[in-house]
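# A look at the structure
Listed below, chain by chain, are the residues.
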Amino acid sequence: MGDVRISRTTLVRGGLAALSGLLSGYAALAVAELVSAAVRPEAGPVTAVGGAAVDRTPAPVKDWAIRTFGENDKLVLQLGIVATLGALALALGVLALRHRRAGSAGVLVFGAVGAAAAVSRPDATGPADGLPSLAGAVAGAIVLYVLIGMLDRPRPRAAEGRGSGWDRRGFLIAATAAGVAATGAGALGRTLGSRRGRSAVASRAAVRLPRPASPAAPIPPGARLRVPGISAFTTPSDTFYRVDTALVVPRVDAGAWRMRIHGKGVRRPLTLTFQDLLSRELIERDITLTCVSNEVGGPYVGNARWIGVPLADLLREAGVRPPSRGGPADQLVARSVDGMTLGTPVEDVMDGRDAMLAVGMNGEPLTFVHGFPVRMLVPGLYGYVSACKWIEDIELTTFDDYDPYWVKRKWAQKAPVKTQSRIDTPKPFARPKAGTVMVAGVAWAQHRGIERVEVRVDDGPWRPADLADQDTVDTWRQWSFPWKATPGGHTLTVRATDRTGTVQTGKRTHTAPDGASGRHSVVVTVD
Ligand SMILES: Nc1nc2c(c(=O)[nH]1)N[C@H]1C(S)=C(S)[C@@H](COP(=O)(O)O)O[C@H]1N2
Ligand SMILES: [Mo]
């Protein structure tokens, strides 16, 4: 009888120790949240460790994550980190039951890891970035030490001679108090954190985009096909794809925003304010943006109407000459407030195309997700070599001297967009009825333009699709193909030809190092 009682007590104490570990981890994260609201939201342990993980993830894994989880990739990563921390916290709780100090020391070690990650982030502002993790760890270590102590403490008025009693009431009270206090700290941190972004939100609400000096030509009515299921010619901002490494979307106050242009061959370095940009002559252009991580047939491509300042004009004012005119810098490195770096050929920016510092998207200031207040765009290049969001610095340098973020991770230094096409409708494994089925989609070859789109049914001949009117060479082009569908299984394949005469290759390659090639096919069963 006595044996059973003891082993049950052991079990209960073990469980409560594990719970203490969890509570300790929870308190640590909550206090870290509160302190990071005061320091910098990006300095929180989950964000810092997550950011470090993103940076260290091998390109193929990152690519897989983007493919598998899509725009939820960041959420999945953060949930993974929290789950891992939870498991470790449980283990530390159990450890603490035997070695009380070691358990608490373990919590401090994790705090140190979080602090190290935060301080070494590229956007870290100094040693203060380590504070949230350290403060959280100290809180967590204390919670664990106290709670485990309760499990060891004899009950105050324990009945004499009744074995190893411990203070249930005391533990319950302490655990509840820790839980409540941690929840309060976390909630306060959240509130303060959201307040922090308020000046940025207000600054965005106050922006009045001036009328562009050079408006975009109206989109030809014939550029939009009326086929159900085809991608809208202009992608709404809220459904425009998003790809970046930011675990916390930067909220930059446009009033405080400054951007520097400096570096090799810059005779007159410039520092620009947001107002400086708005007071210049603005251009408005339709530009299709594509991500290098877009698989054949994938979703990471969108077309928007952008307003911005021609970047080449700014560079000329700064005294920059392109390499073809003897300039010493062949690479322009854009840096964002979150420490991202993107490298663009200076030649491309200055060759007459509409490279811009964009301030507006689809008639509104940029959204925070898409780079408010200012982002770069260069028609014809994948986003990772051209489209820096939340930009704050432009440095002229050379490809030999500097490798930006993605190039350090084995992506190509230069990456013009490959000629591509996509079938939007019918969807894979659709079951259309026999008869005329509208096959339709989009094709793009930014800055070269689309010349022809062809469709093939099974192993039949390539047959020309009907092309919608071209808006500009920098935008995608819709196409459609009325297919006389016969019952049975069929494979539809599309290919585009750009205006340089290049036919989209059938040779499949991976997205790394410079964009996927190959043709998009859709398998359907006609009833
Ligand atoms: N600061 C910053 N800018 C960035 C990135 C990033 O991770 N951080 N990603 C780039 C990539 S890979 C692409 S494809 C485009 C995507 O822009 P969007 O999210 O507005 O569609 O932004 C580019 N600019
Ligand atoms: Mo990208």
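First things first, this report covers the structure right here in the doc. Computed from a predicted structure; not experimentally measured.

The next thing to look at is the overall build of the protein. For the protein, the helix and strand inventory stands at 12 helices and 18 strands. Counting only C-alpha atoms and orienting by the principal axes, one finds that the protein spans roughly 95 × 70 × 40 Å. Summarising the internal contacts of the protein: among those between residues at least 6 apart in sequence, 75% fall at separations of at least 24. As displayed, the protein offers around 24000 Å² of accessible surface, 58% of which is attributable to carbon and sulfur atoms. Separation between the mean location of the 64 positive side-chain charges and that of the 47 negative ones in the protein comes to 7 Å.

Before going further, it helps to examine a positive patch on the surface. Where like charges cluster on the molecular surface, the positive patch consists of R267, R268, R321 and R325. Positionally, R321 belongs in the loop between helix 10 (311-317) and strand 5 (331-336). Residue classification places R321 among the partly exposed residues on the basis of a relative accessible area of 35%.

For the structure shown, the criterion picks out 24 salt bridges. A salt bridge links R353 to D351; the shortest N-O distance between them is 2.9 Å. One salt bridge in this structure joins E454 and R495, with 2.8 Å as the shortest N-O distance. In this pair, E454 sits in strand 13 (residues 450-457) while R495 sits in strand 17 (residues 488-498), placing the two residues 41 residues apart along the sequence. Given a relative accessible area of 10%, E454 falls into the buried group. The network of salt bridges with common partners includes D73, K74, R242, D244 and K389.

Let's shift gears to the packing of helix 4 (residues 73-98) against helix 6 (residues 131-152). The N-to-C vectors of helix 4 and helix 6 enclose an angle of 50°; their axes lie 10 Å apart at closest approach. Of the possible angle classes, the one that applies to helix 4 and helix 6 is oblique. Every pair of crossing elements has a handedness; the one defined by helix 4 and helix 6 is right-handed. Within the contact between the two elements, helix 4 uses L92, G93, A96 and L97 and helix 6 uses L144, I148 and L151. A class-by-class count of the residues in the contact of helix 4 with helix 6 yields 6 nonpolar, 1 polar and no charged.

Overall, the coordinates contain 8 aromatic pairs when judged by the stated rule. Centre to centre, the rings of F368 and F372 are 5.3 Å apart; their planes meet at 70°, and the pair counts as edge-to-face. A relative accessible area of 12% places F368 in the buried class. Under the relative-accessibility criterion, F372 is labelled buried at 0%. Each ring, one from Y405 and one from W406, has its centre 4.9 Å from the other, and the planes form 75°; the classification is edge-to-face. Through pairs of rings, three or more aromatic residues link up here, namely F240, Y241, Y300 and W306. Seen from the ring of Y145, R100 lies directly overhead, with NZ or CZ sitting 3.8 Å from the centre. The ring centre of F368 lies 4.8 Å from the NZ or CZ of R251, which sits over that ring.

Before going further, it helps to spend a moment on the sheet that holds strand 15 (residues 466-467). One open sheet accounts for 4 strands, arranged 11-12-16-15; its pairing is antiparallel. Both outer strands of the open sheet, strand 11 (420-425) and strand 15, are each paired with one neighbouring strand and no more. The sheet contact formed by strand 15 and strand 16 (residues 477-485) spans 2 bridges and is antiparallel. Paired with D466 across the bridge in strand 16 is S480.

Right, let's talk about the packing of helix 4 against helix 5 (residues 100-119) for a bit. The description of two packed helices rests on the angle between their axes and on the distance between the axes. Between helix 4 and helix 5, whose axes approach to 5 Å, the crossing angle comes to 150°. With respect to helix 5, the axis of helix 4 lies roughly antiparallel. Taken together, the residues of helix 5 that come into contact with helix 4 (itself represented by L88, L92, L95, A96 and R98) are R100, A102, G103, G106, V107 and F110. Residues of the contact of helix 4 with helix 5, tallied by class, amount to 7 nonpolar, 2 polar and 2 charged.

Taken together, 20 residues lie around ligand 1, and Y241, H370, R375, A387 and K389 are the ones closest in. The backbone of T245 places a nitrogen or oxygen atom 3.0 Å from an oxygen atom of ligand 1. Within the complex, the protein chains bury 99% of what would otherwise be the 530 Å² of accessible surface of ligand 1. Taken together, the residues that form the shell around ligand 1 break down as 11 nonpolar, 4 polar and 5 charged.

So, about a nonpolar patch on the surface. Side chains of L108, V138, I142, Y145 and V146 sit close together on the surface and give an oily, nonpolar patch of about 400 Å² of accessible area. With 4 residues, helix 6 is the single largest residue contributor to the nonpolar patch. Position of V146 among the secondary structure elements: in helix 6. Judged by its relative accessible area of 39%, V146 is partly exposed.

Moving on to the pairing of strand 17. With 8 of 11 residues buried, strand 17 lies mostly within the body of the structure. For strand 13 and strand 17, the ladder comprises 7 bridges, and the chain directions are antiparallel. When the bridges of strand 17 are listed, I450 appears paired with D498. Both strand 17 and strand 18 (residues 520-526) contribute to a ladder of 7 bridges, which runs antiparallel. Across the sheet, H490 pairs through a bridge with V524, a residue of strand 18.

About the cut-offs
Residues numbered from 1 in each chain as written. Chains lettered and ligands numbered in written order. Predicted model: local features only at pLDDT ≥ 70, side-chain atom pairs only at ≥ 80, totals over all residues. Heavy atoms only, no water. Helix = DSSP H or I, 4+ residues; strand = E, 2+ residues; numbered from the N terminus. Contact = heavy atoms within 4.5 Å. Areas by Shrake-Rupley, 256 points an atom, 1.4 Å probe, with all protein chains shown as cover. Lys, Arg positive; Asp, Glu negative; His and termini not counted. Charge placed at Lys NZ, Arg CZ, Asp CG, Glu CD. Patch = residues over 30% accessible without salt bridge, like charges linked within 9 Å, V, L, I, M, F, W, Y side chains within 5 Å. Salt bridge = Lys/Arg side-chain N within 4 Å of Asp/Glu carboxyl O. Buried < 20%, exposed > 50% of the residue type's maximum accessible area, 1.4 Å probe, protein only. Axes fitted to C-alpha atoms, helices over the stretch in contact; angles between N-to-C directions. Parallel < 35°, antiparallel > 145°, perpendicular 65-115°, else oblique. Left-handed = near helix turned anticlockwise from the far one by under 90°. Nonpolar A, V, L, I, M, F, W, Y, C, P; charged D, E, K, R; others polar. Phe/Tyr/Trp six-rings, centres within 6.5 Å; stacked < 30°, edge-to-face > 60°. Lys NZ or Arg CZ within 6 Å of the ring centre and 35° of its normal. Pairing = 2+ DSSP bridges. Near = heavy atom within 4 Å. Polar contact = N/O pair within 3.5 Å; in protein donor to acceptor, adjacent residues only side chain to side chain.

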